[in-house]
Amino acid sequence: MSIPTFTLNNGVEIPVIGLGVYQSAPEETAAAVEAALASGYRHIDTAAAYGNERQVGEGIRASGVDRSEVFLETKVWVSDFGYDETLHAFEKATRKLGDGFEQLDLLILHQPAPSRFEKTVGAYRALETLLADGRVRAIGVSNFTPAHLDRLAAETSVVPAVNQVELHPYFAQPELQKADAERGILTQAWSPIGGITFYPGWGDDRRNVMEDETIAALAAAHGKSPAQVMLRWHIQEGRSVIPKSVNPTRIAENIDVFDFELTPDEIARIDALDTGRRSGPDPDVERPEMFDRPIPED
């Protein structure tokens, strides 16, 4: 199966769907990555803060899929922000990923960390250096609002290729999507099927997108699962998606979204579900106990 791609603002192609490994236990990650690649995935998204970069590398090597065919994305954590610190973070990431990962396909900053934004700018300038040196093929950001993007643009030269943000039918961020599009930035959805609707520690009165009646009706009409309908919605609207699972059956199901199409009316019905309420943390809120957590060397 050949997976369609989006073309980033520097000409690099990224598969429209990938496997996310947030909250995937290290002991389960390698097998999940191997299962995903066997199912046709060619994009894996990880992060230093997830603590499973090493297992992602192991899973890719065990799959037998050539490294050149896999688009690997990882993220620099806030405790490694700053110019020199981020250059070192790249070395840590590639060392953990192991053989074949001397070059990364996409390296992004995990948070804007607005209260220490001078460190964020230093970190992004390090990404620009890595890009210029050919050690990464594309660079980007995660959880940046339009205001964060404006602050970054004022002090850096390279427009981010990707902005990875919380985005699902209950929190669709239309203004952020517009801001990304105006800048030529690809919006990438984390929690694309609302799987982190119940983000630990955030919010009461939370609803599970997977149980939404509108989504269920569309799934029944197409003979698909609610997850497949949501992933198709994202892809048709031009977003990159990285659904997370360690279950081989669900991993295979999540990529089986290229044999049906939602109508404009069906897309509009999903768009109308937006509540404007995020389920994950607000990127403008400082979280020093998390941001200052060191990333191990090995």
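Below you will find a few notes about this structure. Note that the structure is a prediction, hence the values are computed from the model and not measured.

**What about the environment of Pro112?**
Line of reasoning, step 1. Inspection of the secondary structure puts Pro112 in the loop between strand 6 (106-109) and helix 4 (117-132).
Line of reasoning, step 2. Note: C-alpha distance between Pro112 and Ala25 (87 residues apart in sequence) is 25 Å.
Line of reasoning, step 3. The residues touching Pro112, leaving out its near neighbours within four places in the chain, are Phe117, Thr120, Ser142, Asn143, Phe144, His148 and Pro283.

**Brief notes about unusual backbone geometry**
Line of reasoning, step 1. If you check the backbone angles, Gln23 has positive phi at about 65° while not being a glycine.
Line of reasoning, step 2. Mapped onto the elements of the fold, Gln23 is located in the loop between strand 3 (19-20) and helix 1 (26-38).
Line of reasoning, step 3. The phi dihedral of Gln173 is positive, around 50°, even though this residue is not glycine.
Line of reasoning, step 4. Along the chain, the position of Gln173 falls in the loop between strand 8 (162-166) and helix 6 (174-183).
Line of reasoning, step 5. Taking the relative accessible area as the measure of exposure, Gln173 reaches 13% and is therefore buried.

**What to know about empty space enclosed by the protein**
Line of reasoning, step 1. The tally for this structure, following the rule as stated, stands at 2 cavities of 30 Å³ or more.
Line of reasoning, step 2. For the largest cavity, the calculated volume is near 70 Å³.
Line of reasoning, step 3. Lining of the largest cavity is provided by 13 residues; of these, Ala48, Glu53, Lys75, Ala89 and Ala93 occupy positions nearest its centre.
Line of reasoning, step 4. Elements supplying a minimum of two residues to the lining of the largest cavity: strand 5 (71-76) and helix 3 (83-97).
Line of reasoning, step 5. Among the elements that make up the lining of the largest cavity, the one with the highest residue count is helix 3 (5 residues).
Line of reasoning, step 6. Residue composition of the lining of the largest cavity, by class: 7 nonpolar, 1 polar and 5 charged.
Line of reasoning, step 7. When its volume is computed, the second largest cavity comes out at roughly 40 Å³.
Line of reasoning, step 8. Lining of the second largest cavity is provided by Asn143, Phe144, Thr145, Val165, Glu166, Gln173, Leu176, Arg278 and Pro283.
Line of reasoning, step 9. Residues belonging to the lining of the second largest cavity are distributed by class as follows: 4 nonpolar, 3 polar and 2 charged.

**Description of the packing of aromatic side chains**
Line of reasoning, step 1. A full pass over the atoms with the stated rule returns 3 aromatic pairs.
Line of reasoning, step 2. Ring geometry for Trp77 versus Phe291: centroids 5.9 Å apart, planes at 75°, classification edge-to-face. Remark: Phe291 occurs in helix 11 (residues 288-291) and Trp77 occurs in the loop between strand 5 and helix 3; sequence separation between them is 214 residues.
Line of reasoning, step 3. Owing to a relative accessible area of 3%, Trp77 belongs among the buried residues under this scheme.

**Side note on the packing of helix 7 (residues 213-222) against helix 8 (residues 226-236)**
Line of reasoning, step 1. Helix 8 packs onto helix 7 with a crossing angle of 95° between their chain directions and a minimal axis gap of 8 Å. Considered as vectors, helix 7 and helix 8 are oriented roughly perpendicular to each other. Judged by residue contacts, Ile215, Leu218 and Ala219 of helix 7 engage Pro226, Val229 and Met230 from helix 8.
Line of reasoning, step 2. Here the contact of helix 7 with helix 8 is built from residues that sort into 6 nonpolar, no polar and no charged.

**Considerations on helix 7**
Line of reasoning, step 1. Buried within helix 7 are the following residues: Ile215, Leu218 and Ala219. Looking straight down helix 7, one finds that the buried residues subtend no more than 105° of arc, so they occupy a single side. The exposed set on the far side of helix 7, more than 90 degrees from its buried face, consists of Glu213, Ala220 and Ala221.
Line of reasoning, step 2. At its buried positions, helix 7 is contacted by helix 8 and helix 10 (264-271).
Line of reasoning, step 3. Its side-chain oxygen at 2.8 Å from the backbone nitrogen of Thr214, Asp212 defines the N-terminal cap of helix 7.

About the cut-offs
- Residues numbered from 1 in each chain as written.
- Predicted model: local features only at pLDDT ≥ 70, side-chain atom pairs only at ≥ 80, totals over all residues.
- Heavy atoms only, no water.
- Helix = DSSP H or I, 4+ residues; strand = E, 2+ residues; numbered from the N terminus.
- Contact = heavy atoms within 4.5 Å.
- Buried < 20%, exposed > 50% of the residue type's maximum accessible area, 1.4 Å probe, protein only.
- 1 Å grid on protein atoms, 1.4 Å probe; cavity = no way out; pocket = protein on both sides within 12 Å on 5 of 7 lines; lining within 4 Å.
- Points joined across faces, edges and corners; volume = space filled by probe spheres on them.
- Nonpolar A, V, L, I, M, F, W, Y, C, P; charged D, E, K, R; others polar.
- Phe/Tyr/Trp six-rings, centres within 6.5 Å; stacked < 30°, edge-to-face > 60°.
- Axes fitted to C-alpha atoms, helices over the stretch in contact; angles between N-to-C directions.
- Parallel < 35°, antiparallel > 145°, perpendicular 65-115°, else oblique.
- Arc of directions from axis to C-beta.
- Polar contact = N/O pair within 3.5 Å; in protein donor to acceptor, adjacent residues only side chain to side chain.

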